[in-house]
Amino acid sequence: MNADPRTLGWLSRALTHELGAVQQYLAQSALARLWGEVQLVGHLQREAAEELGHVERLMERLILLGVAPSASGLAPARLGRTVEQLLLANRQMECDAVRLYQEALWHATRVRDGDVADLMRSILEEEMAHLADIEHLMKEQMNHG
């Protein structure tokens with residue numbers, strides 16, 4: 001299949017972002033466990049699992065386009081010294097994801113790639129939900145911290 005090279009670039013960027021998110025959420029869940037933050041551990045592990053689902057969907061699309069999935073240059077996980085710092089790092093990561101998927105969706109729509117547009121739209125909606133969850137947790141933290 002002949003895919004638009006820029007579309008492949010967006011898919012690869014998204015894959016790198018999602019693998020970085022999995023890394024960050026898993027590292028943070030280990031840190032939260034050390035802090036004794038049991039509820040936060042569960043939340044972070046669920047987020048990691050959802051991001052891993054995004055990884056699988058992106059890899060599948062790349063493979064369908066005839067490209068071997070390849071992520072490059074994962075950023076180090078941002079941990080934080082407090083729950084608040086950890087949540088702020090995740091909020092920034094999810095804001096970056098929303099921006100990435102908005103731009104990727106715009107590109108896929110412009111080049112009339114309906115399958116990639118549908119994938120980007122679907123993941124964008126899930127990332128927006130992640131962002132809302134983080135903001136809810138931040139408010140809870142402020143009220144209980």
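Our structure is the block above this text.
Going along each chain's sequence as written, the residues are numbered from 1 onward. The predicted nature of this model means local features are confined to residues of pLDDT at least 70 and side-chain atom pairs, given and counted, to a pLDDT of 80 or more, with totals for whole chains, interfaces and linings taken over all residues. Hydrogens and water molecules were not included; the side-chain quantities draw on all heavy atoms of the structure.

Draft legend 1. Fine view of the packing of aromatic side chains. Here a Phe, Tyr or Trp ring, Trp counted by its six-membered ring, pairs with any other such ring whose centre lies within 6.5 Å, and the pair is stacked when the planes are under 30 degrees apart, edge-to-face when over 60, and tilted otherwise. Applying the stated rule across the entire model yields 0 aromatic pairs. Geometrically, a lysine NZ or arginine CZ counts as sitting over a ring once it is within 6 Å of the ring centre and also within 35 degrees of the ring normal. Directly above the ring of Trp10 sits Arg13, whose terminal nitrogen or CZ lies 4.1 Å from the centroid.

Draft legend 2. Seen up close, the side chain of His43. For the purposes of this entry, the term helix denotes a DSSP run of H or I that reaches at least four residues, the term strand denotes a run of E that reaches at least two, and both are numbered from the N terminus. Position of His43 relative to the elements: it lies in helix 2 (residues 38-64). Assessed through its relative accessible area of 11%, His43 is described here as buried. We call two residues in contact whenever any of their non-hydrogen atoms come within 4.5 Å of each other. In contact with His43, not counting residues within four places along its chain, are Asp133 and Leu137. To sort residues, take the accessible area from a 1.4 Å probe on protein chains only and compare it with the maximum for the residue type: under 20% means buried, over 50% means exposed, and anything in between is partly exposed.

Draft legend 3. Region of the structure containing the packing of helix 1 (residues 5-35) against helix 3 (residues 83-110). Lines are fitted to the C-alpha atoms to define the axes, a helix being fitted only along its stretch in contact, and any angle between axes, read from their N-to-C directions, falls within 0 to 180 degrees. Direction vectors running N to C along helix 1 and helix 3 enclose 165°, while the axes themselves pass 10 Å from each other. The orientation of helix 1 relative to helix 3 falls into the category roughly antiparallel. Handedness of the crossing formed by helix 1 with helix 3: left-handed. For this classification, the nonpolar set comprises Ala, Val, Leu, Ile, Met, Phe, Trp, Tyr, Cys and Pro, the charged set comprises Asp, Glu, Lys and Arg, and every other residue, Gly included, is treated as polar. Per-class residue counts for the contact of helix 1 with helix 3 are 13 nonpolar, 6 polar and 6 charged. Orientation labels follow simple angle bins: below 35 degrees gives roughly parallel, above 145 gives roughly antiparallel, 65 to 115 gives roughly perpendicular, and whatever is left gives oblique. Less than a right angle of anticlockwise turn of the near helix away from the far helix marks a crossing as left-handed, whereas a clockwise turn marks it as right-handed.

Draft legend 4. How the structure looks around unusual backbone geometry. In this structure, Arg112 is a non-glycine residue whose phi angle is positive, near 60°. Note on Arg112: relative accessible area 75%, which makes it exposed.

Draft legend 5. Quick peek at the packing of helix 3 against helix 4 (residues 114-144). Contact pair helix 3 / helix 4: the axes reach a minimum separation of 8 Å and the direction vectors enclose 160°. The pairing of helix 3 with helix 4 is recorded here as roughly antiparallel in orientation. Seen from above, helix 3 lies across helix 4 with left-handed handedness. Looking at side-chain class alone, the contact of helix 3 with helix 4 contains 20 nonpolar, 5 polar and 5 charged residues.

Draft legend 6. Expanded view of the pattern of salt bridges. When a carboxyl oxygen of Asp or Glu is within 4 Å of a side-chain nitrogen of Lys or Arg, the pair counts as a salt bridge. Scanning all chains against the criterion turns up 6 salt bridges. Glu126 serves as the salt-bridge partner of Arg57, at 3.1 Å between the closest nitrogen and oxygen. With Arg57 in helix 2 and Glu126 in helix 4, this pair connects stretches of sequence that are 69 residues apart. For Glu126, a relative accessible area of 26% translates into the label partly exposed.

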